[in-house]
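Structure assessment
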Amino acid sequence: DQLAMGTWVPYWMCHSPDTLNTVKHVKALQLLNETSQRSSIPTLVKVPPFKSFRIVGGEPPDNSVRYLIGNIILTYAFVTRLENGWHRGDRESRFRTCSDLIRGSAAFREQLFDSFSAAVKNGAWQSGQIYNNPQDIAASRSRAVLDLAHIFLGERMEPLMYLRPAFSDLIHLFEKCREDLTNNTRRVVQIARYNMTSKNKYPEWLVQRHSPPKNVSDAEKGRFLIAFDRAQKKCEFLLSWLIDNERSMVSFVPEILTIYSEAFEEDKKLWEDAAAHETPASLANPPI
């Protein structure tokens, strides 16, 4: 199969003017008014009502749940951009994406956070450990922080407009990847050869990351199945909580933009250091 060429434009990039004007941050219009083009929104999944979940030790505080959501969704934005949106159609990409999500989001490893800022900064730092090449601006951790603001904001004064599809995408992703592992059918997409003949090149980081699928041992498969099942259940729980608390995340957008500005300055230094040694085309126009 040949996958989509060019750089993926996520579905969460569009916002109505009225929605943008609600964000009380001096750079909101500059940072979030990005594009009128995007990929298709993932199909929504249905989850049980929140009251049907059995919560060990009593119902968690609302703030703790919000922090987990911030950490997971930031990692989701980073990894799906890194995979160029292929996670929605390619088995190998699904497996890499699920593995990287577990690796990048401490919330999937049962870590708790004492503040929203700590959850976001942890997600950004951990994402940087998945893939850290200062020459690839589009795959930077600060880009993921800005994506988190896009997703939390929504499009037309509907705060779940992007959050619900994001968790639906995650739930579907973990479910499909478990099916892939159970069926044990894997295929190889040789992306490097497409880059040799096409005018629209694949993003270079995808070519570098791609390798033929390795055989997964029964022991490894069991561990992956357990981890992906737990992650899927956590996403179902958080989505159900979100549906019951529909407007609880938009208020974090100004704080996210402040964190983005700090992360951008850190990334900018990395870009400048990289440019001092080499100046690839991707460094010519860094993001705002």
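Note that the structure is a prediction, hence the values are computed from the model and not measured.

1. Remarks on the overall build of the protein chain
Each helix and strand in the protein chain was counted, giving 11 helices and zero strands. Each helix and strand of the protein chain, placed in order from N terminus to C terminus, yields the pattern α-α-α-α-α-α-α-α-α-α-α. Scored against the burial criterion, the 288 residues of the protein chain give a buried share of 52%. For the protein chain, long-range pairs separated by at least 24 residues make up 83% of all intrachain contacts whose partners lie at least 6 apart in sequence. Carbon and sulfur atoms make up 50% of the accessible area of the protein chain, which totals about 13,900 Å².

2. What to know about unusual backbone geometry
Unlike most non-glycine residues, Asn84 shows phi in positive territory, near 60 degrees. Inspection of the secondary structure puts Asn84 in the loop between helix 3 (62-82) and helix 4 (91-104). The exposure class of Asn84 is buried, given its relative accessible area of 3%.

3. Brief notes about the confidence of the model for the protein chain
In this model, the protein chain carries a mean pLDDT of 78, and residues with pLDDT of at least 70 account for 72%. Across the protein chain, element-level confidence peaks in helix 7 (residues 160-183) with a mean pLDDT of 93 and bottoms out in helix 8 (residues 191-197) with 44. Here residues 186-197 scores under 50 on pLDDT; set against residues more than four positions off or in separate chains, the count is 33 contacts. A low-confidence stretch, residues 279-288 stays under pLDDT 50, and its non-local contacts, those more than four residues away or across chains, total 19 contacts.

4. Concerning the packing of aromatic side chains
By the definition in use, this model includes 13 aromatic pairs. Between Tyr11 and Trp12 the ring centres are 5.1 Å apart and the planes differ by 80 degrees, which places this aromatic pair in the edge-to-face class. For the pair Tyr11 and Trp12, a shared accessibility class is recorded, and that class is buried. Relative to Tyr162, the ring of Tyr11 lies with its centre 6.2 Å away and its plane at 65 degrees, an arrangement referred to as edge-to-face. Here Tyr11 is found in the segment before helix 1 (17-21), whereas its partner Tyr162 is found in helix 7, with 151 residues between them in sequence. The burial state of Tyr11 is the same as that of Tyr162; both residues are buried. Connected via pairs of aromatic rings, a cluster forms that spans Trp8, Tyr11, Trp12, Tyr76 and Tyr162.

5. Thoughts on the environment of Pro49
Assignment of secondary structure puts Pro49 in the loop between helix 2 (28-32) and helix 3. Residue class for Pro49 comes out partly exposed when judged on its relative accessible area of 48%.

6. Quick notes on the packing of helix 3 against helix 7
Two elements in contact, helix 3 and helix 7, have axes whose closest approach is 11 Å; the angle formed by their N-to-C orientations is 70 degrees. Between helix 3 and helix 7, the angle is such that the two are roughly perpendicular. In contact with Ile69, Ile72, Ile73 and Tyr76 of helix 3, helix 7 contributes Leu163, Ala166, Phe167, Asp169 and Leu170. In the contact of helix 3 with helix 7, the residues fall into eight nonpolar, no polar and one charged.

7. Overview of the packing of helix 3 against helix 4
At a minimum axis distance of 9 Å, the contact between helix 3 and helix 4 shows a crossing angle of 140 degrees. With respect to the hand of their crossing, helix 3 and helix 4 are arranged in right-handed fashion. Of helix 4, the residues touching helix 3 (which contributes Thr75, Tyr76 and Val79) are Thr97, Asp100, Leu101 and Gly104. For the contact of helix 3 with helix 4, the residue count by class is three nonpolar, three polar and one charged.

8. Remarks on the nonpolar core
Formed by 76 residues in total, the largest nonpolar core has its most connected members in Ile69, Phe152, Leu163, Phe167 and Phe174. Elements represented by at least two residues in this core include exactly helix 2, helix 3, helix 4, helix 5 (116-130), helix 6 (141-153), helix 7, helix 10 (218-244) and helix 11 (253-277). Not counting residues within four places of it along the chain, the set of residues in contact with Phe152 comprises Ile69, Gly70, Phe116, Pro159, Leu163, Met249, Val250, Phe252, Val253 and Ile256.

9. Some thoughts on the side chain of Glu83
Mapped onto the elements, Glu83 comes out in the loop between helix 3 and helix 4. Glu83 sits in the buried class, given a relative accessible area of 0%. Separated by 2.8 Å, the side chains of Glu83 and Arg96 make a polar contact.

10. Section: the side chain of Asp169
On the secondary structure map, Asp169 appears in helix 7. At 4.6 Å, Arg88 is the nearest oppositely charged side chain to Asp169, a buried residue that forms no salt bridge. Looking at Asp169, its side chain comes within polar contact range of the side chain of His87, at 2.8 Å. In this view, Asp169 contacts Pro42, Tyr76, His87 and Arg88; residues no more than four positions away in its chain are not counted.

How each quantity is defined
- Residues numbered from 1 in each chain as written.
- Predicted model: local features only at pLDDT ≥ 70, side-chain atom pairs only at ≥ 80, totals over all residues.
- Heavy atoms only, no water.
- Helix = DSSP H or I, 4+ residues; strand = E, 2+ residues; numbered from the N terminus.
- Buried < 20%, exposed > 50% of the residue type's maximum accessible area, 1.4 Å probe, protein only.
- Contact = heavy atoms within 4.5 Å.
- Areas by Shrake-Rupley, 256 points an atom, 1.4 Å probe, with all protein chains shown as cover.
- pLDDT = per-residue confidence, 0-100.
- Phe/Tyr/Trp six-rings, centres within 6.5 Å; stacked < 30°, edge-to-face > 60°.
- Axes fitted to C-alpha atoms, helices over the stretch in contact; angles between N-to-C directions.
- Parallel < 35°, antiparallel > 145°, perpendicular 65-115°, else oblique.
- Nonpolar A, V, L, I, M, F, W, Y, C, P; charged D, E, K, R; others polar.
- Left-handed = near helix turned anticlockwise from the far one by under 90°.
- Core = buried A, V, L, I, M, F, W, Y, C linked by side-chain atoms within 4.5 Å.
- Polar contact = N/O pair within 3.5 Å; in protein donor to acceptor, adjacent residues only side chain to side chain.
- Lys, Arg positive; Asp, Glu negative; His and termini not counted.
- Salt bridge = Lys/Arg side-chain N within 4 Å of Asp/Glu carboxyl O.

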